[in-house]
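An overview of the molecular structure
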Amino acid sequence: IYSSELGEGGYEGQQLELILSLLEDYSLNGLYSQRVTEKTTNSGKADWQKTISHSSPFPSKTGPVYLNVYGTRRRNLSENEVARIHADVIRELDPVLGWAITGGGSLLDQILLGTSAPSGDKEYQIARLERALSSVYSDRDIFLIESLLRYLREQRGDGLSKQVMGLRHFHGMWENMLNNCLK
């Protein structure tokens, strides 16, 4: 969605690219969620080896009956510190540059608005992200956490009070403006 027309070589072009990649990642994948495998009893995928070795069967005409079947269930949880930091960054960036991804609308949704604020200051959030980075393995999670780390390190409490965007080739913006204004 962004090319050489958006901020390349301009004032703080790398930060603009980082911000746009964070917003685009959120629009494509949603809020960060941690994949958790829970041990369950009588629900989820049955673990027959554990069930047979840990519980006594009751005999019946059709074969043994196990009253407690041990199993596992996989869930995606968005109630963790990385998700709170992710939500906070997107809530900060959306009003400023969300239009570049959506074409004018907002990326904010109920899940994002309902997520609580992260705990601690920027330094604490950076430390939590660095700790989380060592325990993730998927490419998207690594990309997201590294991007959040870069963003927080560059901000260090400055906020986004001033934004300057330069376009290398203004004709792309001009065509977009004309397309939105003229029939």
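What comes next concerns the included structure.

Cut-off values and rules
Every chain begins its residue count from 1, and numbering advances along the sequence as written. Predicted model: local features are reported for residues with pLDDT of at least 70 only, side-chain atom pairs are reported and counted for 80 or more only, and whole-chain, interface and lining totals are derived from all residues. Side-chain descriptors were evaluated using all non-hydrogen atoms of the structure, hydrogens and water having been removed beforehand. Site definitions follow a grid-based scheme: protein atoms alone, a 1 Å grid, a 1.4 Å probe that fits but cannot get out for cavities, and for pockets an open set with protein on both sides within 12 Å along at least five of seven lines, plus lining residues having an atom within 4 Å of a point. Grid points are joined across faces, edges and corners, and a volume is the space filled by probe spheres set on the points. Strands here are runs of E lasting at least two residues and helices are runs of H or I lasting at least four, both read from the DSSP assignment and numbered beginning at the N terminus. When residues are sorted by character, Ala, Val, Leu, Ile, Met, Phe, Trp, Tyr, Cys and Pro go into the nonpolar class, Asp, Glu, Lys and Arg into the charged class, and all the rest, Gly among them, into the polar class. Patch membership requires over 30% relative accessible area and the absence of a salt bridge. Like charges are linked within 9 Å, and nonpolar side chains (Val, Leu, Ile, Met, Phe, Trp, Tyr) within 5 Å. Surface accessibility in these figures is a Shrake-Rupley result with a 1.4 Å probe; residues are shielded only by whichever protein chains are displayed. A carboxyl oxygen of Asp or Glu within 4 Å of a side-chain nitrogen of Lys or Arg is what we treat as a salt bridge. For every residue, the accessible area (1.4 Å probe, protein chains only) is compared with the maximum for its type, and the residue is labelled buried under 20%, exposed over 50%, or partly exposed between those bounds. Here a residue-residue contact requires only that any non-hydrogen atoms of the pair lie within 4.5 Å. A pair of strands is considered paired only if DSSP assigns at least 2 bridges between the two.

**Things to note about the layout of surface pockets**
Taken as a whole, the second largest pocket spans an internal volume of roughly 250 Å³. Considering the residues around the second largest pocket, the lining is formed by 14 residues, among which Y32, Q34, A132, S135 and V136 are closest to the centre. Among the elements of the structure, strand 1 (34-41), helix 3 (81-97) and helix 6 (122-133) are those that each provide at least two residues to the lining of the second largest pocket. Among the elements that line the lining of the second largest pocket, the one with the most residues is helix 6, at three residues. Here the lining of the second largest pocket is composed, by residue class, of five nonpolar, four polar and five charged.

**Examining a nonpolar patch on the surface**
On the surface, W174, M177, L178 and L182 cluster together into a nonpolar patch covering about 380 Å² of accessible area. Here L182 shows up in the segment after helix 8 (170-181). L182 gets classed as exposed once you look at its relative accessible area, which sits at 56%.

**Observations regarding the side chain of T115**
Of note, T115 is situated in the loop between helix 5 (110-114) and helix 6. If near-sequence neighbours (up to four positions away) are discounted, T115 is found in contact with L31, A83, R84, A87 and R91.

**Things to note about the sheet that holds strand 3 (residues 70-77)**
What the three strands build is an open sheet, ordered 1-3-2; its pairing is antiparallel. In this open sheet, the two strands that pair with only one neighbour each are strand 1 and strand 2 (45-46). Pairing of strand 1 with strand 3, which is carried by eight bridges, proceeds in the antiparallel orientation. Looking across to strand 3, one finds that T40 is bridged to G71.

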